[in-house]
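The chain contents come next:
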Amino acid sequence: MKKDNQWPLWEVFIRSKQGLNHKHVGSLHATDQQMAIKNARDVYARRNEGVSIWVVKSEHIHASSPDKNDCFFDPANDKVYRHPTFYNIPDQIDHM
Amino acid sequence: MNITSGTEEEVTMDEIGTITDFIQDEAGHGLYLYSAMETLGKSRDQSLQELIDGKAKYSSIFNYPTTSWADIGAIGWLVDGAAIVNQVALQRTSYGPYARAMVKICKEESFHQRQGFEIMMTLANGTKAQKQMAQEALNKIWWPALMMFGPSDKESVHSQKSMAWKIKRQSNDELRQEFVDMTVPQAELLGLTIPDPDLKFNKKTGHYDFGPINWDEFYAVIHGHGPCNKERLEARRKAQEEGEWVKEAALAHAKKQRNLNAA
Ligand SMILES: [Fe+2]
Ligand SMILES: [Fe+2]
């Protein structure tokens, strides 16, 4: 077996011109952060997709566990009062 | 490759520039798909090794030769055209990373198809020799493009499971029909003839009927006996082997930089 010289994996985030948050667009391999940013530009921003690129080593990303979604997100389930529609507003008011 | 257009006229630098971009896009498509594989726990190196070892499948179309500039046009128009039909359907595939890759890919494919069509249009409206070159490319690529959708639904071994898991959203035959219906009027517009004597619009169904596909050829190609299978895999193997030192050197350089920064 030949020796493993796979370059580290990076996740790429791009912020579009519209000023929305950086959004995850994909991943790539690179030896360091400069190469990751340049490669991200060459692969994920080929058609003016963005004005800012973040790269993060994949190993630094921690995720919630999809298997436990039920109990993990359950604190939000019984709190209908967090939604604006929970509150009664007189009909005379068009918008609020 | 002969990239002259069949007369004294030659391919322009602009055309070479766009073709280079097309190739860069496609390298990106490979990357998105390998990334989707990585989310399932298969490393890039593993995937590439399986490709080189002949264990991983890849599209049957890549085993056909590209010998003229018209082939480049016909490939963009028909092969990328067929790929789009497939990939548009796959944007709704049930595996998220795969679906998201497809959304990105579809945006880029449409550039390839239009570029290919424009090449065909230029040739079809050019000299007699150019038009003939375009016709020959269509003759050559038409049937392999139809085969890209895979075996007929009755024969397809993986289709049932893929449909049940919603990885695949439309059947091979449905997608193939969609492609034929879309492409016939485009060929008419080019003034080129699709190499199928049975091709005819069916008023009852509202679709084009087309002749039988040579499935023996298809199975020969996917089992390694197409015109270029060996050459294609050999090129991948060589690239992998000869690029090895670059990967190692870049890793060593990055490590050295890190140490310098730390010091
Ligand atoms: Fe592609
Ligand atoms: Fe393409």
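As a starting point, this report considers the structure included with it.

What counts and how
Residue numbers run consecutively from 1 along every chain, following the written order of its sequence. As a convention, the first chain written is A and the first ligand written is 1, with the rest following in written order. Under the rules for a predicted model, residues below a pLDDT of 70 receive no local features and side-chain atom pairs below 80 are neither given nor counted, while totals for whole chains, interfaces and linings still include all residues. With hydrogens and water set aside, each side-chain value is computed from the structure's full complement of heavy atoms. Only N, O and S atoms count as donors, using a 2.8 Å cut-off from the metal and 3.2 Å for Na, K and Ca, and because water is excluded some sites may appear unfinished. In short, tetrahedral needs four donors with all angles between 85 and 135 degrees, square planar needs four and octahedral six donors with opposite donors over 155 degrees apart and all other angles between 65 and 115, and whatever is left is irregular. Runs of H or I in DSSP of at least four residues are treated as helices and runs of E of at least two as strands, each being numbered from the N terminus. A pair of strands counts as paired when DSSP detects no fewer than two bridges linking them. Axis geometry follows a simple rule: fit a line to the C-alpha atoms, using only the stretch in contact for helices, then measure angles between N-to-C directions, giving values from 0 to 180 degrees. To qualify as a nonpolar core, a set must consist of buried Ala, Val, Leu, Ile, Met, Phe, Trp, Tyr and Cys residues joined through side-chain atoms within 4.5 Å. Relative accessibility decides the category of a residue: with a 1.4 Å probe and only protein chains considered, values under 20% of the type maximum give buried, values over 50% give exposed, and everything between is partly exposed. Whether two residues touch is decided by their heavy atoms; if any such pair falls within 4.5 Å, the residues are in contact. A 1.4 Å probe defines the accessible area here, and the buried area is the portion of it lost by two parts on being joined, summed over both. The working definition used for a salt bridge is a side-chain nitrogen of Lys or Arg within 4 Å of a carboxyl oxygen of Asp or Glu. Any N or O atom pair separated by 3.5 Å or less is treated as a polar contact, with the protein-specific requirement of one donor-capable and one acceptor-capable atom, and with residues adjacent in sequence counted only for side-chain atom pairs. Charged residues are taken to be Asp, Glu, Lys and Arg, nonpolar residues to be Ala, Val, Leu, Ile, Met, Phe, Trp, Tyr, Cys and Pro, and polar residues to be all remaining types, Gly included. Centres within 6.5 Å are what make two rings of Phe, Tyr or Trp a pair, Trp counting through its six-membered ring; a difference in plane orientation under 30 degrees is then read as stacked, over 60 as edge-to-face, and the rest as tilted. Should an angle lie under 35 degrees it is considered roughly parallel, over 145 roughly antiparallel, and from 65 to 115 roughly perpendicular; all remaining angles are considered oblique. Working rule for handedness: look at the near helix, and if it is turned counterclockwise from the far one by less than a right angle, call the crossing left-handed; if clockwise, right-handed.

1. Here's the deal with the coordination of the iron ion (ligand 2)
Residue and element names in this part refer to chain B. E26 (OE), D80 (OD), E109 (OE) and H112 (ND1) make up the full set of protein donors to the iron ion (ligand 2), lying at 1.8 to 2.2 Å. With 4 donor atoms in place around the iron ion (ligand 2) and angles of 91 to 142° between them, the coordination shape is irregular. Mapping the donors of the iron ion (ligand 2) onto the primary sequence gives the spacing E-x53-D-x28-E-x2-H. In this structure the iron ion (ligand 1) is found 3.3 Å away from the iron ion (ligand 2), and E26 serves as a bridging donor for the pair. Of the two residues, E26 sits in helix α1 (residues 13-39) while H112 sits in helix α4 (residues 96-124), which places them 86 residues apart along the sequence.

2. Describing the sheet that holds strand β3 (residues 52-57) of chain A
Residue and element names in this part refer to chain A. Spatially, 3 strands are ordered β2-β1-β3 in an open sheet, and the strand pairing comes out antiparallel. Lying at the two open borders of the sheet, with one neighbouring strand each, are β2 (23-29) and β3. Ignoring strand direction, the axes of neighbouring strands in this sheet form an average angle of 30°. With 6 bridges connecting them, strand β1 (residues 9-15) and β2 associate as antiparallel partners. Paired with F13 across the two strands is H24, which belongs to β2.

3. With respect to the nonpolar core
Within soluble globular proteins, side chains that are nonpolar tend to cluster in buried spots. Core analysis: the biggest nonpolar cluster contains 45 residues, and W69(B), W77(B), L78(B), W142(B) and F179(B) have the highest contact counts within it. Sorting the residues of this core by element identifies α1, α3 (69-90), α4, α5 (128-147), α7 (172-190) and α8 (215-225) of chain B as the ones contributing at least two each. Core analysis: the next-biggest nonpolar cluster, separate from the first, contains 16 residues, I14(A), A36(A), Y32(B) and A101(B) among them.

4. Some words on the interface of chain B and chain A
Opposite the 23 residues of chain B that make contact, chain A presents 19 residues. For the pair chain B and chain A, the summed buried surface comes to about 1800 Å²; carbon and sulfur atoms form 46% of the total. Remark: the boundary between chain B and chain A carries 4 salt bridges. Linking chain B with chain A are 10 residue pairs in polar contact (both at pLDDT 80 or more). Among the secondary structure elements, those contributing two or more residues to the side of chain B that touches chain A are α1, α2 (44-52), α4 and α9 (229-262) of chain B. Residue composition of the side of chain B that touches chain A, grouped by class: 7 nonpolar, 5 polar and 11 charged.

5. Focus: the packing of aromatic side chains
Considering all chains together, one arrives at 10 aromatic pairs over all chains under this definition. Taking 5.6 Å as the distance between ring centres and 25° as the angle between the ring planes, the aromatic pair formed by Y44(A) and Y32(B) counts as stacked. You can see Y44(A) sitting in helix α1 (residues 33-44) and its partner Y32(B) sitting in helix α1, one on each of two chains. Measuring from centroid to centroid gives 6.4 Å for Y81(A) and F86(A), while their planes differ by 70°, and the two rings are edge-to-face. By relative accessible area, Y81(A) is classed as partly exposed at 42%. Judged by relative accessible area, F86(A) falls into the partly exposed class, the value being 44%.

6. Things to note about unusual backbone geometry
At N48(A), a position not held by glycine, the phi torsion is positive, near 55°. When you line up the elements, N48(A) lands in the loop between α1 and β3. With phi around 60°, K166(B) is a residue other than glycine that occupies positive phi space. Along the chain, K166(B) falls in the loop between α6 (159-164) and α7. K166(B) gets classed as partly exposed once you look at its relative accessible area, which sits at 44%.

7. Description of the coordination of the iron ion (ligand 1)
Those donors, E26(B) (OE), H29(B) (ND1) and E109(B) (OE), are the protein atoms that reach the iron ion (ligand 1), and they lie 2.0 to 2.1 Å from it. Linear spacing of the donor residues for the iron ion (ligand 1) on their chain is E-x2-H-x79-E.

8. Quick look at the packing of α1(B) against α3(B)
Residues and elements named next belong to chain B. The interhelical angle for the contact between α1 and α3, taken along N-to-C directions, is 40°, at an axis separation of 13 Å. With respect to α3, the axis of α1 lies oblique. Judged by the sense of rotation from one axis to the other, the crossing of α1 with α3 is left-handed. Residues E15, I19, F22 and E26 of α1 pack against W69, I72, G76 and D80 of α3. Here the residues of the contact of α1 with α3 sort into 4 nonpolar, 1 polar and 3 charged.

Scope: geometric values only; no functional claims are made or implied.
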